[in-house]
Amino acid sequence: LLTGLAALVAFSAHARRRDDPVLDLRLFSHPTYAAASATAAFTGAAMFGAGLLFPLYFQIGRHQSVLATGLLLISLSAGTALVLPWSGRLVDRHGGGIVSVYGGVAAVVTTVPFALLDTHTNHVLVQLLLLARGMAIALAVMPATTAAYKAVTTAQLPDATTQVNILLRVGGALGGAIF
């Protein structure tokens, strides 16, 4: 961990001195981009961290097969797919920041009940909670990434896309470890 942190600091120092760095870390000096990127990392942690636990709940807690578990998780993806187009329209009207904040709150609110479920919780309730969580994730993740991309110029977009994706993945890995 210390070696990785030292390498990250060295990479950051090197990238800031170059005119043409592999990743332009100066983008983080833009407050909107920095905030949106941090939000993307946290939503990645929430999305992927809890997402690792759902299959375990069905397979270990409810003794479902891998196939049945996959089918039982469709409602989570369906919720995201249903709300994603609406989420985009909300971002166009109100901006990514506010939509992402409300989406993040909704993601927390729809995740907390999963900490209280037992193996005898009604199947329909579990599916409704998964559907609601999928909807909340659509309102949290996409607006945060959109806000980050809108905060940079067209020439900076390749760096921004790479950096936000890295933050989503690192956030997801940290979320998986924490959850």
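Predicted, not measured: the structure shown is a model, and the values here were computed from it.

A. Region of the structure containing the pattern of salt bridges. This structure, assessed with the given rule, holds two salt bridges. Here Arg-26 makes a salt bridge to Asp-24, at a shortest N to O gap of 2.9 Å. Accessibility expressed as a relative area gives 33% for Arg-26, which makes it partly exposed.

B. Structural view of the packing of helix α6 (residues 123-150) against helix α7 (residues 157-178). The N-to-C vectors of α6 and α7 enclose an angle of 150°; their axes lie 9 Å apart at closest approach. Crossing handedness for the pair α6 and α7: right-handed. Facing Val-141, Thr-145, Ala-148 and Tyr-149 of α6, the residues of α7 in contact are Leu-157, Ala-160, Thr-161, Val-164, Asn-165 and Leu-168. Partitioned by chemical class, the residues of the contact of α6 with α7 number seven nonpolar, three polar and no charged.

Rules used in this analysis
- Residues numbered from 1 in each chain as written.
- Predicted model: local features only at pLDDT ≥ 70, side-chain atom pairs only at ≥ 80, totals over all residues.
- Heavy atoms only, no water.
- Salt bridge = Lys/Arg side-chain N within 4 Å of Asp/Glu carboxyl O.
- Buried < 20%, exposed > 50% of the residue type's maximum accessible area, 1.4 Å probe, protein only.
- Axes fitted to C-alpha atoms, helices over the stretch in contact; angles between N-to-C directions.
- Helix = DSSP H or I, 4+ residues; strand = E, 2+ residues; numbered from the N terminus.
- Left-handed = near helix turned anticlockwise from the far one by under 90°.
- Contact = heavy atoms within 4.5 Å.
- Nonpolar A, V, L, I, M, F, W, Y, C, P; charged D, E, K, R; others polar.

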